[in-house]
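Here is what each chain is made of, one letter per residue.
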Amino acid sequence: MNVGVIGVGHVGLVTAGALAELGHRVMAVDLNRDKIELLRSGKIPFYEPDLDDLIAVQARTDRLFFDSDPRKAAQDAEVLFICVGRPTTATGDASLTAVEAVGRDVAHRAGAGVVIAEKSTVPPGTADRLRLTIAREEPGLAFTVVANPEFLREGNAVRDTLRPDRIVVGSDDARGFEVMRRLYKPLVDLGIPLIETDVRTAELSKLASNAFLAAKISFANSLARLAELTGADVVKIAEVMGADTRIGTSFLNAGLGFGGYCLPKDTQTLERIAQRAGYDFQLLRSVILVNEEAITAVASKVEEAIWNLEGKRISLLGLAFKAGTEDVRGAPALVLARRFIEEGASVIGHDPMAAAASRSMVPHLETSDDPYEAVTGAHCVVVCTDWPEYRRLDLDRLRERMAYPIVVDGRNVLDPDRAERAGLTYLPIGRPARHGEANQGD
Ligand code: UGA
C-alpha cells in the first residue's frame, strides 16, 4: 500500500520504517529540511536501538522515502499518518495546533478515499475536529479519519512497533477498518490482536494506558514511603505483588518516579480532559502529586545525610529519564540537579548517553564520561537512572574516591549487600538503609 507519514519524530520515523518493513511503500515528510537531509544520508536524528538498521535497509530496498514537501506524502497515499508533536499548554491542556495545521494542509493535497490516521496522542474528539476542518477546507473530498494510537517505548521502539502487544484502530465507518486491516495484515497474521473501537474510545485508550502505567509507578512510590516508615522492603513487596499475574511485575519499581516526554504529559492531559468534562479524576491528581513527592523524597534523603548543601559536591549517576535513551525531557535527574545547584552545591553528572543534552539544559552542571571520575570528591552520590552498567560498578573503587561514602540509590539498582561490604552508607528507596564501616569523617 502507499503510505504517507507526516512528522518524523520518534513515533513518525519508527512507524515509517516499520511499515516499509511490512512491505508498504512509505513517503515520510517533515518540514525540518536538516532532518530530512540527515535521513537521506542514512543517519537518524536521535538515538534509538536498531532504528538505523531498519531505516538503512528500507532506503536500499526502495520502499522508504524522505521529503520536506508535505505534498509528496499526500500524493497517492491510501493511508496518511499524522505523527506531529502534541505538547501541552501552560494549563496542562493538549496543544493541537500542529495537528490542525496538518489537517488543513492535507485537505488540499490528499486523494479521494484517503484514510487519515492519528498516531499522535490526542484527546477524544480530535478526530471529529479534524473531520470538520478537512471538510471545511476541501468540501468535496471523500476521506475517513481513524485513530491508531502508538504504544512504543523509547529505547524499545522498533521491537514495540514490529511486535506490539496490540494494535488499536478506532473508526466510525467500515472503510476505516477495512483499510487499516489491510495495512496491518502482516502483523495480524502473526497473531497480534487488532482491537477495533470507535474513534473516541481509541483516542482515550492511549491516554488511559499511559496514565495507568503512571498510576502503577506512583502506587509503588507511595508504598515505598510506607515501607520506610514501617521497616519493610518495597522491592520485595513488588516482587510479591508482581508474582500475581493479575498485577504483573512491570512498572512497580519505586524510585525517582516517572519522567520522559509521555507519561507526565499524558497523565496531566487526561486529568484536564476529565476536569473539562465535569469529572474529578482524583486518582490522577494523586498520581501526579506522588510523582512530584518522589523527587522531593530523594532530595530530602540527600539533605538529611549531608546536612547543608552549600559548598558540597553531589554526583548524579544517570541523567537520562530512563536507561537506553539519550532523552532528558522530564528527567528527574535534571530536576534534582537544578535544585541542588540552587541550594549552593556543585553538581556533576555521568550518563552513558545524555551528558551533552543535560549540560545544555542545566546551567552550571558539570559532567564526566567516567563514573569514577564523576564521583571523585563527592559528598554524596545519587543514582538517578537505572542504567545496567551501574549495577556492575566497583563499589570499593567508588567509595575510595568519594569525600563522604554516602550513596542515595534513587532507582534501587545497586546491591545493598555489596554496598554495605564496600563500606558505604547506602540509602535506597523504600527499603532499609545499610551502614558500611568506612570512616564517615574522611
Ligand atoms: C511511555 C509508554 O511506556 C509507551 O507505551 C508509550 O507509547 C510512550 O510513553 C508514548 O506515549 O509515546 P516512554 O516514555 O518511552 O514510554 O517511557 P517508559 O518506559 O514508560 O518510562 C517512563 C518513566 O517511568 C521513566 O522515567 C522510568 O524510569 C519510569 N519508571 C518506569 C519507573 O519509575 N518505575 C517503573 O517501574 C517503570
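For the structure, see preceding data.
**Q** Just checking my understanding: could you explain the site of the ligand for this structure?
**A** Around the ligand lies a shell of 21 residues, among which Leu 152, Glu 154, Lys 206, Asn 210 and Asn 253 are the nearest. Residue Gly 259 places a main-chain N or O atom 2.9 Å away from an oxygen atom belonging to the ligand. Bound to the protein, the ligand loses 92% of the 730 Å² it would expose on its own. The element best represented in the shell around the ligand is helix α10 (residues 199-230), accounting for 4 residues. The residue makeup of the shell around the ligand, split by class, is 10 nonpolar, 4 polar and 7 charged.

**Q** For this particular structure, what's the right way to read the environment of Phe 81?
**A** On the secondary structure map, Phe 81 appears in strand β4 (residues 79-82). On the basis of relative accessibility, which here comes to 0%, the residue Phe 81 falls in the buried class. Sequence separation between Phe 81 and Ala 16 is 65 residues; the distance between their C-alpha atoms is 9.1 Å.

**Q** Help me understand the pairing of strand β1 (residues 2-6), please; the structure alone is not making it clear to me.
**A** Within a regular strand, side chains alternate between the sheet's two faces. With 4 of 5 residues buried, β1 is to be regarded as a mostly interior element. Sheet analysis places β1 next to strand β2 (residues 25-29), joined by 5 bridges and oriented parallel. Considered in β2, the bridge of Asn 2 is made with Arg 25. Both β1 and β4 contribute to a ladder of 4 bridges, which runs parallel. Bridge pairing links Ile 6 to Ile 82 in β4.

**Q** Just checking my understanding: could you explain helix α12 (residues 263-277) for this structure?
**A** Residues spaced three or four apart along an α-helix face the same direction, because each turn holds 3.6 residues. In this model α12 runs 21 Å from its N-terminal to its C-terminal C-alpha over 15 residues, within 8% of the 21 Å that 1.5 Å per residue would give. Taken residue by residue, α12 has Leu 263, Lys 265, Asp 266, Thr 267, Thr 269, Leu 270, Glu 271, Arg 272 and Ala 274 as its buried positions. Structurally, α12 contributes buried residues whose contacts are with α10 and α13 (282-306). Remark: Gly 278 follows α12 within two positions and exhibits a positive phi of approximately 95°.

**Q** For this particular structure, what's the right way to read the sheet that holds strand β10 (residues 346-350)?
**A** Backbone-to-backbone hydrogen bonds pair the strands of a sheet. The strands run either parallel or antiparallel. Within the open sheet, the 7 strands sit side by side as β11-β10-β9-β12-β13-β14-β15. Their pairing is mixed. Strand pairing shows two members of the sheet lacking a second neighbour, β11 (366-367) and β15 (434-435), which therefore form its edges. Bridge analysis of strand β13 (residues 406-409) against strand β14 (residues 425-428) gives 4 bridges, and the strand direction is parallel. Paired with Ile 406 across the bridge in β14 is Thr 425. Each of β9 (313-317), β10 and β12 (380-383) is contacted by helix α14 (residues 332-342), which is oriented at about 175° to β9, the strand it contacts most.

The rules we used
- Just so you know, the residues in each chain are numbered from 1, in the order the chain's sequence is written.
- Totals for whole chains, interfaces and linings use all residues, but because this is a predicted model, local features are given only for residues with pLDDT of at least 70 and pairs of side-chain atoms are given and counted only at 80 or more.
- Just so you know, side-chain values use all the structure's heavy atoms and leave hydrogens and water out.
- Distances are taken per atom, and a residue is near a molecule or strand as soon as one of its heavy atoms is within 4 Å of it.
- Definition of a polar contact: a pair of N or O atoms within 3.5 Å, with one able to donate and the other able to accept a hydrogen when the atoms are protein atoms, and with sequence-neighbouring residues admitted only if both atoms are side-chain atoms.
- Per-residue and other accessible areas follow the Shrake-Rupley method at a 1.4 Å probe size, with only the shown protein chains counted as cover for residues.
- By the criteria applied, helices consist of DSSP H or I runs no shorter than four residues and strands consist of E runs no shorter than two, each listed in order from the N terminus.
- When residues are grouped by polarity, Ala, Val, Leu, Ile, Met, Phe, Trp, Tyr, Cys and Pro land in nonpolar, Asp, Glu, Lys and Arg in charged, and all others, Gly among them, in polar.
- We call a residue buried when its accessible area falls under 20% of the maximum for its residue type, exposed when it is over 50%, and partly exposed in between, using a 1.4 Å probe and counting protein chains only.
- For two strands to count as paired, DSSP must find a minimum of two bridges between them.
- Take the number of residues in a helix, subtract one, and multiply by 1.5 Å to get its expected span.
- Residue contacts follow a heavy-atom distance rule, with two residues in contact if any of their heavy atoms lie within 4.5 Å.
- Fitting a line to C-alpha atoms yields each axis, with helices limited to the stretch in contact; the angle taken between N-to-C directions then spans 0 to 180 degrees.

Read these as layout, nothing more, since geometry by itself doesn't imply function.
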